[in-house]
Each structure stands twice: as C-alpha cells, then as structure tokens.
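What follows is each chain in one-letter form.
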Amino acid sequence: MKFVSYWHDTSVPFDNAVAGPVSGEFEVAVIGAGFTGLNAARQLAKSGLKVALLEAEHVGYGASGRNGGHLNSGHFASFGAIKARFGDAQARRLWQAYDDSIDMIEAIIDEEKIDCGFRRGGKLKLASKPSHVKKLQAMCDEIRREVDPTVEWLSREDVRKELGSDAFHGAVLSPKSAMMHMGHYAIGMAQAAHRHGATIWEHNPVIARERVPNGWRLTTPTGSLVARQVILATDAYTTETFGYFRRRMMSVASFIIVTRPLTPEEVAATMPGNRNYTNSLNIANYFRLTPDNRVLFGGRARFSSASNQSTDVSSGQLLRKQMVDVFPQLADVEIDYCWGGLVGCTQDRYPRAGTADGVIYGMGYSGHGAQVSTLIGSVLADIAMGRKDTNPLDGMAWRAVPMHTGKPWFLPIVGAYYRMKDMLP
Ligand SMILES: Cc1cc2nc3c(=O)[nH]c(=O)nc-3n(C[C@H](O)[C@H](O)[C@H](O)COP(=O)(O)OP(=O)(O)OC[C@H]3O[C@@H](n4cnc5c(N)ncnc54)[C@H](O)[C@@H]3O)c2cc1C
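No experiment lies behind these values; they were computed from the predicted model shown. (Residues numbered from 1 in each chain as written. Predicted model: local features only at pLDDT ≥ 70, side-chain atom pairs only at ≥ 80, totals over all residues. Heavy atoms only, no water.)

Can you walk me through the nonpolar core in this structure?
Most often, soluble globular proteins keep nonpolar side chains buried together rather than apart. Grouped together as the largest cluster of nonpolar side chains are 73 residues, with contacts concentrated most on Leu44, Leu71, Met180, Tyr185 and Ile231. A per-element tally of this core places helix α4 (residues 88-112) first, with nine residues. Apart from residues no more than four positions distant in its own chain, methionine 180 is found in contact with Trp7, Gly69, Leu71, Ile105, Ile109, Cys116, Gly117, Phe118, Tyr185 and Arg288. Listed in part, the 29 residues of the second largest apolar core include Leu124, Leu154, Leu319 and Leu330. (Core = buried A, V, L, I, M, F, W, Y, C linked by side-chain atoms within 4.5 Å. Buried < 20%, exposed > 50% of the residue type's maximum accessible area, 1.4 Å probe, protein only. Helix = DSSP H or I, 4+ residues; strand = E, 2+ residues; numbered from the N terminus. Contact = heavy atoms within 4.5 Å.)

Hey, could you run me through the packing of helix α3 (residues 79-86) against α4 in this one?
In helix packing, the relevant descriptors are the interaxial angle and the interaxial distance, both defined with respect to the helix axes. Taken N-terminus to C-terminus, the directions of α3 and α4 make an angle of 130 degrees; their axes are 7 Å apart at the nearest point. Classified by the angle between their axes, α3 and α4 sit oblique to one another. For the pair α3 and α4, the crossing hand works out as right-handed. Contact residues: Phe79, Ile82, Lys83 and Phe86 in α3; Asp88, Gln90, Ala91, Arg92, Leu94 and Trp95 in α4. Looking at side-chain class alone, the contact of α3 with α4 contains six nonpolar, one polar and three charged residues. (Axes fitted to C-alpha atoms, helices over the stretch in contact; angles between N-to-C directions. Parallel < 35°, antiparallel > 145°, perpendicular 65-115°, else oblique. Left-handed = near helix turned anticlockwise from the far one by under 90°. Nonpolar A, V, L, I, M, F, W, Y, C, P; charged D, E, K, R; others polar.)

I'm lost on the environment of threonine 290 in this one. Help?
Note that threonine 290 resides in the loop between β14 (285-289) and β15 (295-299). Separated by 10 residues in sequence, threonine 290 and arginine 300 have C-alpha atoms that sit 20 Å apart. In contact with threonine 290, other than residues within four places in its own chain, are Tyr6, Val258 and Leu296. A distance of 2.6 Å separates the side chain of threonine 290 from the side chain of aspartate 292, its partner in a polar contact. (Polar contact = N/O pair within 3.5 Å; in protein donor to acceptor, adjacent residues only side chain to side chain.)

Quick question: what am I supposed to make of the site of the ligand here?
Around the ligand, the surrounding shell holds 37 residues, and the nearest of these are Thr36, Glu55, Ser64, Gly68 and Ala370. In the model, an oxygen atom of the ligand is placed 3.3 Å from a nitrogen or oxygen of the glycine 62 main chain. In the environment of the ligand, an oxygen atom lies 3.2 Å from a nitrogen or oxygen atom belonging to the side chain of asparagine 67. Contributing elements (two or more residues each) for the shell around the ligand: α2 (35-46), β12 (250-259) and β16 (335-345). When residues of the shell around the ligand are assigned to their parent elements, the largest contribution, three residues, is made by β16. Of the residues in the shell around the ligand, the class split is 16 nonpolar, 18 polar and three charged. (Near = heavy atom within 4 Å.)

How should unusual backbone geometry be read in this particular structure?
Negative phi is the rule for most residues except glycine; trans is the rule for most peptide bonds. Its identity as a non-glycine residue notwithstanding, aspartate 235 has a phi of 35 degrees, on the positive side. Residue position: aspartate 235 is located in the loop between β11 (223-232) and α8 (243-246). For arginine 349, which is not glycine, the phi torsion reads 70 degrees and is therefore positive. With respect to the helices and strands, arginine 349 occurs in the loop between β16 and β17 (352-356).

Is there a simple way to explain the side chain of asparagine 285 in this structure?
Note that asparagine 285 resides in strand β14. The class for asparagine 285 is buried, based on a relative accessible area of 5%. The residues touching asparagine 285, leaving out its near neighbours within four places in the chain, are Tyr277, Thr278, Asn279, Phe297, Gly298, Gly299, Leu319 and Gln322.

I would appreciate a short explanation of the pairing of strand β13 (residues 276-279) in the present structure.
Residues in a regular strand project their side chains so that they alternate between the two faces of the sheet. Of the two faces of β13, the one lined by Asn276 and Thr278 and the one lined by Tyr277 and Asn279 are each fully buried. Where strand β4 (residues 123-126) meets β13, four bridges bridge the pair, whose relative direction is parallel. Bridging from a neighbouring strand, leucine 124 pairs with tyrosine 277 of β13. Sheet topology note: the β13/β14 ladder contains two bridges and is antiparallel. Its bridge partner being in β14, threonine 278 is matched across the sheet by tyrosine 286. (Pairing = 2+ DSSP bridges.)

Is there a simple way to explain the sheet that holds strand β6 (residues 171-174) in this structure?
Remark on secondary structure: sheet strands pair via backbone hydrogen bonds, oriented parallel or antiparallel. Read from one edge of the open sheet, eight strands run β5-β6-β4-β13-β14-β15-β12-β16, paired in mixed fashion. Sheet topology places β5 (152-154) and β16 at the edges, where each strand pairs with a single neighbour. The average undirected angle you get between the axes of adjacent strands in this sheet is 20 degrees. Both β12 and β15 contribute to a ladder of four bridges, which runs antiparallel. In the sheet register, isoleucine 256 faces β15, and the bridge partner there is glycine 298.

Everything listed here is a matter of geometry and, on its own, says nothing about what the molecule does.
Below is the structure:
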C-alpha cells in the first residue's frame, strides 16, 4: 500500500517552478498553490499583472491534491438554513456560487486545454437511516422549488440500480455535480499560470512578513520578495505567520483509501451509476470511482487535527471497515492507497473571503471547497485589481473561535458527540 495521495501519485509533477532563490518586486504575491492560489495567480497574470506564487511544498500539495474529487453543486447547509441566516438574496447568491464554480472550472479546463477528465456525473446524497428519508426528501423539494429544479428524489429501489449496496434508503440526485482528476487539474492550472507569466516558486514557505513602504516583504528560507499586495490562499495549511487566520479556522484531518482497479464486472456490481456519493451521517463518508475504476472512499474517520503516517494508517483501517459495511463485496479487495489531508473549518462552516490583517484572503471551505476554491481564487484576483462586487462572501463577519489558539484541542470531544448521534436510529 502507498501512503501518498492517488492524485499526486498519478499526475506528472509541475516542471516550470523557478530553480533559484526567491527575489524581486511584484504587483501581487500569492501564497499557496492550491486551487484558490493557482486560479488567483492565473487570472492576475492573464490580466497582465506581475505575479509571484509561493508554495511551501509543491503545486497541489495541500487539500487540492488530497481530496475526494467531488465537485458538488449546492451547499452543505439546506437552502432554508442559509436563507434563515442571510436572507433570501444573499442565500441565492451563496448557493449560486457553488453552481457557478463548477461552470467556471469547466470553462477554464476548456480555455487552458487541461486534460483532467472533467465529467458531469452527478451526485447522490444517500439516506443512511430510514429516519433520514423524510428530512432529505424535504430538502430535495425545497431545492427544486427554490434554486435548482434539476434535483430529484430517488427511491430505495432507484438507488439499488446505482449502487451495489443495501445500505441506503433513498437519495437526492444533483445532476450538475461533476468529477475530475484533481492532480491533473492542479498541474494544468499551474502550467496555465506559468504560461500567462506568473513566477512560481515551490519549496519556499513564507516564514515572515514585514510592512515596507511599497507593500509587504515576504521572506522564505531561500530569500525574499516585495509585493504591493498579498493574497493568502493557504486554507487549512495556514501557519502561525498568519495567526489571525489560524484563530478563525480549525484544521481537521480527513482521510481516504483507494482500492486496486476493479474489473468491469466488479464495477457493475459495486458502483454502476459512476457518480459522486456521500451519505447522510454526521461523520459522513464520500466515495466515487477513479478514472481507472478504483473505489475512492473517504471520511473523517477519527476526529484528529493531524494527518501523518500513523494517523493515516489507523484511519485507513477504520475507513476500510466502513467501506465493507457499505460494499461487503469489497471485503477481499486490496487497498492500494491511503492518505490524509487537512480541511479548514470555520465555526459556522461557511467560507470567508475579503481583506483583513493586511492581506486579501479566501479560505475556510470546511470540506466543501474543491469546486468553489477556483471561483474564490478569481474573486481574490478581482479584489487585487480593485473590483469587489464579485465576492459572494462579501461582508460576512468572521470572529475568532473562542478559546482556540491555533490547535483545535477540542476535536476529540466534538468527534465523540457526532459518533454518538450517528449511533442513534
Ligand atoms: C481528504 C480531503 C477530502 C476532501 N474532499 C473534498 C471533496 O470531495 N469535495 C470538496 O468540495 N472538497 C473536498 N475537500 C476540501 C477541498 O479539497 C479544499 O477546500 C480545497 O482544495 C482548498 O483549496 P485551497 O487552494 O484553498 O487550499 P489548499 O489546496 O490546501 O492549498 C493551500 C496551500 O498553501 C500552502 N501553504 C501553506 N502555508 C504556506 C506558507 N506559509 N507559504 C507558502 N505556502 C503555504 C500549502 O502547502 C498548500 O499547498 C477535501 C479536503 C480533504 C483534505
């Protein structure tokens, strides 16, 4: 078994990073080469600005290269809950941002000729318990009525045609949701940003910043640069150099296992619908097929703030058990990959983007950012170019999490609470 991300392992590394030390003067410096930072840098460079992109590790190292590969339409919260909190107009704007982000990804892939197997496969949100059916049906009706008439309810029998599993009692189908190879997309975005003129440094974490007359000096272990504006696109991987943001976000680990490629017969018996799937538990699982027909199965598994080899291994064992509970036919199928990554969670699970603490920022996607991070990258580029009206998160207050100093010590308690709720019928 490999303890690396399948997306990392099966994509060609970025080969246009600058080899020398960090130096120079730029109009904008972007920190973090995930989807947020990559699209911000791409768009700014395309608009003719002098842009630097600084990445601590390698392009796509963070959540963008480690996720479940779901580009799901709609929001994690019900439309009614968003409306109750933000009012009708803002709720529609927020909801629409997630749909627009998938359209934007599709358009960029087309424009930049990125070969990443983008496909509108649709997503099923599966009822894990009979008691969840009513709530999901009501949610489906509300979405159809208010924001997306393409969404439909599938009965238990319909779901059985989609999945070789008796574990589910119905599902909400969102046909606009899509999937792609996340590694190929990340590298393609970096190549596009480079082509448009962005200067990209890998293995150069920003370890200090200081105000200078013409902007900010950002220092890395190899050197420093000066930029008039800084975009912070570091999500769950934000370090103490940007402590203002760490205190507003909790980094929670999420884990994934990937099986060996299934035979066509095994695919037909397991996931013939070939869509994105999530279940309705509080500690939810998500799964799909990879382009080479492996089962990718993920979840929070253990509530932890770390992802490293030992947490990944024990979480992988838990995930395997959860996968076999859903698909008993996979009990003897080898697991080829197991890895973890960090999810940047805000207290209310809504992301944030704007300007604060001297930088332009976009983060806190709370595990639902593989799609909207590309759109927020574009929003951050707009802000750097003086345009603020494209930000669907504009004006959302963002307070520090009480008693949170940057390391979420309270996660095991939260995990125990949700596990208990999931054990109830
Ligand atoms: C296991 C897992 C599964 C997920 N599954 C899904 C899914 O199926 N669907 C979905 O919608 N979302 C999913 N997500 C969430 C989604 O992947 C993220 O919301 C999204 O990729 C965030 O992108 P980003 O560019 O903002 O951040 P990231 O991709 O995390 O990039 C941040 C980058 O900043 C760099 N960095 C940090 N500090 C510094 C510094 N000081 N200097 C320089 N560089 C720095 C990091 O190295 C990193 O590469 C998942 C996340 C995880 C971890």
